[in-house]
Each structure stands twice: as C-alpha cells, then as structure tokens.
2 protein chains.
Amino acid sequence: MKAVILAAGRGSRLGELTKERPKGLVKLLGLTLLERAILSAKEGGVEDFVIVIGYKGEKIREEIGDGKRYSARIRYVENEEWEKGNGLSLLKARDHLSSESRFIIMMCDHVFDPSAIKKLVNFKEEYPFVLLVDRDLSRDTGEATRVKLSNNLVIDIGKGLKEYQALDCGLMLSTPEIFRAIEESLKVGDDSLSGGIRVLSKKGGVRALEIDGFWMDIDTPENLSEAERTLLNSLTKPEDGIISRSINRRISTRISALILKKWGRVNPNLISAFSFLIAISSSILFAIGSLALGGILAQTSSIIDGCDGEVARLGFRRSKFGAWLDSLLDRIADFSMIFGLSWGYWELAHDQVVWPLCFLSLMGTFLISYTGSKYELDFGELAVFSRVDATRDVRIFLLMIGAILGRPIETLLLLAVITNSMVIRRILITWKRWRESP
Amino acid sequence: MKAVILAAGRGSRLGELTKERPKGLVKLLGLTLLERAILSAKEGGVEDFVIVIGYKGEKIREEIGDGKRYSARIRYVENEEWEKGNGLSLLKARDHLSSESRFIIMMCDHVFDPSAIKKLVNFKEEYPFVLLVDRDLSRDTGEATRVKLSNNLVIDIGKGLKEYQALDCGLMLSTPEIFRAIEESLKVGDDSLSGGIRVLSKKGGVRALEIDGFWMDIDTPENLSEAERTLLNSLTKPEDGIISRSINRRISTRISALILKKWGRVNPNLISAFSFLIAISSSILFAIGSLALGGILAQTSSIIDGCDGEVARLGFRRSKFGAWLDSLLDRIADFSMIFGLSWGYWELAHDQVVWPLCFLSLMGTFLISYTGSKYELDFGELAVFSRVDATRDVRIFLLMIGAILGRPIETLLLLAVITNSMVIRRILITWKRWRESP
C-alpha cells in the first residue's frame, strides 16, 4: 500500500524550531517527524511514499532522500501554495495516487504508535474514506480537528464544531474519491482536507475507526516535550522487575534519550555489546578481589542493558536477532559475574563452601531465565509470575549491595535462596494456572 | 461436533483376539482401538460420541463407559444385525444424528494420526459428504475400500473397483443426507456404508479430501504389529540429537511400549520424575567418587527421559505443563551431574582448575538449552541448527564415557569446549539466517 505524507506547511507555532527548517524536519528524540512517520508506516507494511513538500521543501528532499536509507521508495510532489489549506497539498499528489484502490494519508506533524497504521492497513470494510479518531476528548491539546459521529460514521468534521464526539488523529485510509470531494469543497471556498472529508461524510462515505495507542499532534514546543515524555514512559515493559521499574528504567531512558539525540538511530546491538563488556569487566574485578568496584560496574551494566531495547524501539531498529542476542549476552554476563565473585572469594579465603553456593546461584539464575522463556514458548503468553520476582534487575542489584558490603558468601547464599525459591514458586504458579485452564 | 463410531462388527480375521472380545476392545500399545478412536477425535475437538455396538456389545459398554474417563459424552446404540453390512449400523444411529448439520463417521478398527480429524472438522466447503482418502495405493493392506476420483470428487467407491485412484481411510464428515442414501442403496441390495456413499457420489455430492498423516485399517494380527511399529517409529523428533536417534530412542520406545502395555495411560510426569531421580542419584555418585556407576546412571536417566514424551504422545496425555516441567527437570539434572562430577574430582585431587572448567561446562550446557528455547520463542520456528550438535543426549553420553574412563577433568574440558563452540556456531547460524530473511 502507498502512503502520502503532507509535509508542506511551516508550523509557525513551533517558533525558532521552524525558522530555518520545515516542520517535518523538527527532531523528536533524535529522529525528524518525517522519519518517524515513514518508519512507523513501514512497521505497518507501507513501503511506497509520496511526500508533499512546500515550505523549505528542498531541505526535506536533501535530508530524507529517495528512501533507500529506510528501505522504502520515496517520491516528492511540490505544493507552492503551501500557505493555503492542506486539501490543496493532497490534490498535488493526485497523479501518483489516482490509480491506487486505497492509500494511507498521514500528516508529518502527527506522532503515533505504529499499531495505528497496522489497524488501517488491515481494515477490510469498503468505504470511500476511513478516519482514525480518538473518543478521549481530553487528548485535545487545543488545535485538534473535531469529529461528529453517528455510530461508526463521521457525519461532520471541523475545528469549529460545537457538538462532537471524537478527535481526528491525522491518519486516514482513503480511496481516490477524496480528490473529487476536495474539488467540490473548493467550490464552496474550503481548501482544507477536512473540507473534502466533510463532502464525503455528507454522503455517508466516511467510516470512523478508533485509535488504540498513543497519538499526538505536534504544534508547539510544549507538545514536542510532552511527546518525548510520553514516548520515554512507554518504554517500561510489563515484565520489568521491581528494581527496573523503580531505578533502572528511570536512568536508562534518560541515557537512551541522550544517545538518540546525539547519535540518532544507533545500532542497538552495539549497546548490548557495550553493556556486556562492562559486565565482563565487573566479573574480572570480582575475580581479582575488587568487590566494591565490581559491584558498581555490575549495576551500571544492568542499567545500560535497558538502553539497547529502548533505542531499538524508539529508533525503529528492533530485530528478532537483536532481542535474541541481547538475552544471550545477558545470560553469559549473569554467569560470569557469579563465577567471578565466587573465584574472588576462593582466592581470598580458600573456603570450599563457596563452590556449592556458586553452583546453586548459577542454577537458580539460569532457571529463572529458562523457566521464563520456556513458559512463553510452551504457553504462548508473557511469563509474568508476580510483581516481586528474582528478575535480572533484582539479582544484579543484590549482587552490587553484597559486593559493596564485602559479603560474597552471604550474597551467593541469598542469590541461591531467592532464585531457587522463586523457581519453585513459578512451578507452583504454572501448575495451578494449568490446572485451572489446561 | 458429534462423532459416530461404528463398532458392531466382530473382526473375525483377528482370530483369537476377537473370540471373547469385540474388535473395538482389541488393544494396541495398551489402549483399545475404541479408546484410540475416541481420544484421537477428542484432540480434534470432538467431545460427543455415539458408538454403534453389536458383537459382544455389552463388553464395550462396560469397559468404555459413559465417557467421563475421557472427558467426553458417550452414548450407545445397538445393532443386532451386526453380521450384515455396516450401512445398517449407521442407520441405527440416525435418531442421534439427524438433527446435526454435520458429524464425523469413524470405524473402530482404523488407527490414524489425530491431525486427520482436525482436517475434517476444519473443512469448510459445503458438501453432503466428505471422505478422507489416501492416493498412495501402496498402503493397501489387502482389504481397503477403493475410491474412484474425478478431480476432488468421488465418482465411485467399492472393494471390487478395477480402476481407482485412492483408498478410503475410514474417516468421514457427513450430513444427515447419508441416511436416505443408505436406504436407497438398500433397495438395490447393498447394505454397506460404501453403498450409501456411492448413491451420494452419483449425484456429485462426495468430496474427497487427502489424508496427511499415518492411517491403517486393522484387520489381522499382522496389521496390529505393523501399526505398533509405525506408531513407535513416529516418536522420533526432528530435533533429536545423534545419540538419541542412534541409541536412546531405540531403547526408550521399547520401554515406552512395555509401560503402555503393562500400565496403560500412565501419567507422563511420573516418568519425568523417575528419570530425574536417577539423574540426581547419578550426581550424588559422581560427588562421592563413584564415577563409573554415576556415568551409567546418567545415561540410563537420559534414555528414560525419552519415555515421558513418548508415553504422553501414545497415551494421548500430552500437556503443556508436562512439557514445561520435563525441560525444567532436565536442566536441573544437567546442572547437578556436572557439579557432582566436579565436586567428586575436587574431593579427590584438590585441584582448583576444576572450578573454571565446571563453570564453563555449566555455562555452555545452559546456553545450549537457552539458545534453543529462546530461538523458538523469538523466531517462531523449531531450533534445529545442524545434525550434529551438543544436544542433551550427546552431552550425557560424553559424560558417561568420560566418567567410565575415570577422566573427569578431560570430560569437563570437552563438555566446555563443545558446548560453547556450538553456542558460537548457533549465534553465527542465527545471524546468517536473520541476515538472509530479517
């Protein structure tokens, strides 16, 4: 499916940010709004784009290019009348779209969860026009286009509506019928895309579809900051452990934001490798007896370990291989740190009790990871056993505390006890769940 | 969906086996043919059965009961004319089926892979009658009913056909139209079910559907032995390692057959637990220095570890929890055996080089299991990396050899080297696969 992105406007309310650059090139967490629009649509399966440019359009051509960088095809259409309504922008793209049965329409200044595009692409009912809407009116940041609904049909649309039930999210699935509708709207003096949609809506041709995830219209610098906050907050995962939620994520999301702003779409596997190197250094420090420093490095690595996934998600660089490799390196790091600590203590005290404890900690640590991934595999659902669990963030935090306090034996004992008892608990929980719905 | 099972006949060609008992109660690997039919259909989602009984029917009622034991509902219909054609048997069940839009027809003497029932249940095209057929004519054991096809339609059916393209597998999806067809066939003197099917086929109403898995018509003691062999051979899994294929499965399937014949549908988790106990005993023997005996027990446990899955599959007692628990116990056993061997050597030689080797073997062993299950989870396909891999069967076999030879250090070193190098190989294979089709 093709998508057309309307990126002709200036966005003067963004002030200084759009003095030298068009709105589409304003950056949010290291990516321009246009890049976000393209990459979000790509996750929904769109690979062929038409971008309508106007204000400082040559800069967009220069920076975004022909799409090779995004494994997409991008063509440009110029709209010299960019100071007028955006219905004219869409009309300029007519030649590229009139032979398509359906295409996506996007605004370059709307940020949204990629699931929204998937929802549009997968929508199968036949309507001349499908508009994504949000019934949560509190999301209106002041400039939203309002939508009046009757059941699932749009019956009116416009910024000035007094009575309305939803907001226009700036994402649409259209047929070429929209072009004639805009022309009709032009005759009555309305050159906006909303004007065209209104014409279709009067004929019962506009289906409203509810958006599921986050979306935001970026008009002001405040909107930009809020979008950044929302994106960063969305990075917490349901399977995050208690230390991750209360400490690690707060720091790692800030680091990820810095990384994205400084280097853009970094390869997340590099971050995984960096975090792994810190963990291995920590193991070596443990082994040569520098317990406190080793502990601090261990926790540092645990925090940075959150960044690879975050940068991958925010930079649209998630990959199955990356996720797989990251878990693998985490497991090697877990093992090395426990063995390093044991060896360090052995060299110091030559007390053989360290070895059974080392073994039990390794086994418990291993079984926590294994029961988790095996559970997801066998039962086909996320392995969340309880809010407090011996997840990696918790284990490494305990390792740091124990190492700083200079108590390796007690730390290993504690790790062995909590990991193995959590494994037993997981077995019981799984057994119970399975008994209840086999 | 309901199913009717025709179980009225005697099956006199089974000789002594059906002298005192009807054909449906003949046992195959510990389960009667009727139990197999019921449990196979249950895996395909059928929970409501009508069984037509005749020859020694009261024994069937007694042994199979009302179905509670199989979490199914079973009702019985008697056919006193069981020595005549099986079309009459089906007619007796008419009152129970005439209000159903579609139902399954099964023969109690046909053994088949449960996928066949799923295929019928999921078939959505509207035909008065759907017949599962096999185009592989070599599967005819002598008494098969022959089917003449024109494209996907059955145009004739009967044992005496000269020209035919497929065999009747004894599994059908029917509508109540079959009853009138049998009546019509009776008028021309044919009281078989095939007669009824022929009547429908002449009107273009019988769709042929190809069977995918194994099926067999059990008429003679030789058929019974062959079915047993085929079922046992089907237990080898694509992810089985080289020692498993060449040694363990050959022994474990024989043990499983014995278990099923002696105790019937044993709870497979008991076998998992038993194999686990042997592995733990082996670890203890290692730790107290009885290396050779420990090695033999380790390999014994590895062989018996195949039986839980086999008994589960052959006894229709597979469960997600069972599979999950089995892997978990295997991992604990793996860990214990390696630590046991290390500790045994440590007590003997007090040579600290054993601990890094123990650590590396544990890590490699762990990573083999983890990369496997995580690969299946992340990539959604079976983790088969290559024919020769450091799978569990191979690792434990090496452990046994090394222990019998009294070479714990070399064994640990070998385990550490092969497991970790296989992990590196798996990373490279995964990376390559992902690069080729991300």
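Keep in mind that this is a model prediction, so the values were computed, not measured.

Undergrad: I would appreciate a short explanation of the overall build of chain A in the present structure.
TA: Within chain A one finds 15 helices and 13 strands. C-alpha atoms of chain A, sized along the principal axes, occupy 90 × 55 × 35 Å. Taken across its 438 residues, chain A has 58% of its residues classed as buried. Summing over all exposed atoms, chain A offers an accessible surface of approximately 18,500 Å²; the carbon and sulfur share of this is 54%.

Undergrad: I would appreciate a short explanation of the relation of the copies chain A and chain B in the present structure.
TA: The two chain copies are connected by a rotation around an axis plus a translation along it. Taken as rigid bodies, chain A and chain B are interconverted by a rotation of 180° and an axial shift of 0.0 Å, the fit giving an RMSD of 0.1 Å. Both copies of the chain, as the preceding transformation shows, are related through a two-fold rotation axis. Minimal C-alpha distance to the rotation axis in chain A is attained by L377 of chain A, lying at 2.7 Å. The residues that chain A uses at the interface reappear at the interface of chain B in 100% of cases, marking a shared surface.

Undergrad: Sorry, what's going on with unusual backbone geometry here?
TA: Excluding glycine, residues mostly carry a negative phi; peptide bonds, for their part, are mostly trans. The backbone of S71 of chain A shows a phi angle near 50°, a positive value even though the residue is not glycine. Structurally, S71 of chain A can be placed in the loop between α2 (57-64) and β5 (73-78). Although it is not a glycine, F316 of chain B adopts a positive phi angle of roughly 55°. Within the secondary structure layout, F316 of chain B lies in the loop between α11 (291-314) and α12 (320-349). Since its relative accessible area comes to 14%, F316 of chain B is described here as buried.

Undergrad: Is there a simple way to explain the domain arrangement of chain A in this structure?
TA: One frequently used descriptor of interface size is the decrease in accessible area upon assembly of the parts. Residue and element names in this part refer to chain A. In terms of domains, chain A is made up of domain 1 (2-224) and domain 2 (237-436). For domain 1 versus domain 2, the distance between C-alpha centres works out to 43 Å. In this assembly, 9 residues from domain 1 lie in contact with 9 residues from domain 2. Summed over both partners, the interface of domain 1 with domain 2 buries about 810 Å², with 67% contributed by carbon and sulfur atoms. On the domain 1 side of the contact with domain 2, L29, L31 and E43 bury the most area, a combined 54% of that side's loss. The interface formed by domain 1 and domain 2 includes 1 salt bridge. Between R318 and E43 there is a salt bridge, and its shortest N-O distance comes to 3.5 Å.

Undergrad: What exactly am I supposed to notice about the interface of chain A and chain B here?
TA: Tallying the contact residues gives 40 residues for chain A and 40 residues for chain B. Summed over both sides, the interface between chain A and chain B buries roughly 4,100 Å², with carbon and sulfur atoms accounting for 82% of that surface. Linking chain A to chain B there are 0 salt bridges. For the pair chain A and chain B, the interface holds 7 residue pairs in polar contact (both at pLDDT 80 or more).

Undergrad: Before we go on, may I ask you to explain helix α11 (residues 291-314) of chain A in this structure?
TA: An α-helical turn contains 3.6 residues, so any two residues separated by three or four positions project in the same direction. Residues and elements named next belong to chain A. In a regular helix each residue adds 1.5 Å, so 24 residues correspond to 34 Å; α11 covers 35 Å between its end C-alpha atoms and thus fits that length. By the criterion of burial, α11 is predominantly enclosed, with 17 of the 24 residues buried. Of the residues trailing α11, F316 is marked for its positive phi of about 55°.

Cut-off values and rules
- Residues numbered from 1 in each chain as written.
- Chains lettered and ligands numbered in written order.
- Predicted model: local features only at pLDDT ≥ 70, side-chain atom pairs only at ≥ 80, totals over all residues.
- Heavy atoms only, no water.
- Helix = DSSP H or I, 4+ residues; strand = E, 2+ residues; numbered from the N terminus.
- Buried < 20%, exposed > 50% of the residue type's maximum accessible area, 1.4 Å probe, protein only.
- Areas by Shrake-Rupley, 256 points an atom, 1.4 Å probe, with all protein chains shown as cover.
- Least-squares fit on C-alpha atoms with pLDDT ≥ 70 in both.
- Contact = heavy atoms within 4.5 Å.
- Domains from an automatic or database assignment.
- Buried area = accessible area lost by both parts, 1.4 Å probe.
- Salt bridge = Lys/Arg side-chain N within 4 Å of Asp/Glu carboxyl O.
- Polar contact = N/O pair within 3.5 Å; in protein donor to acceptor, adjacent residues only side chain to side chain.
- Expected span 1.5 Å × (residues − 1).

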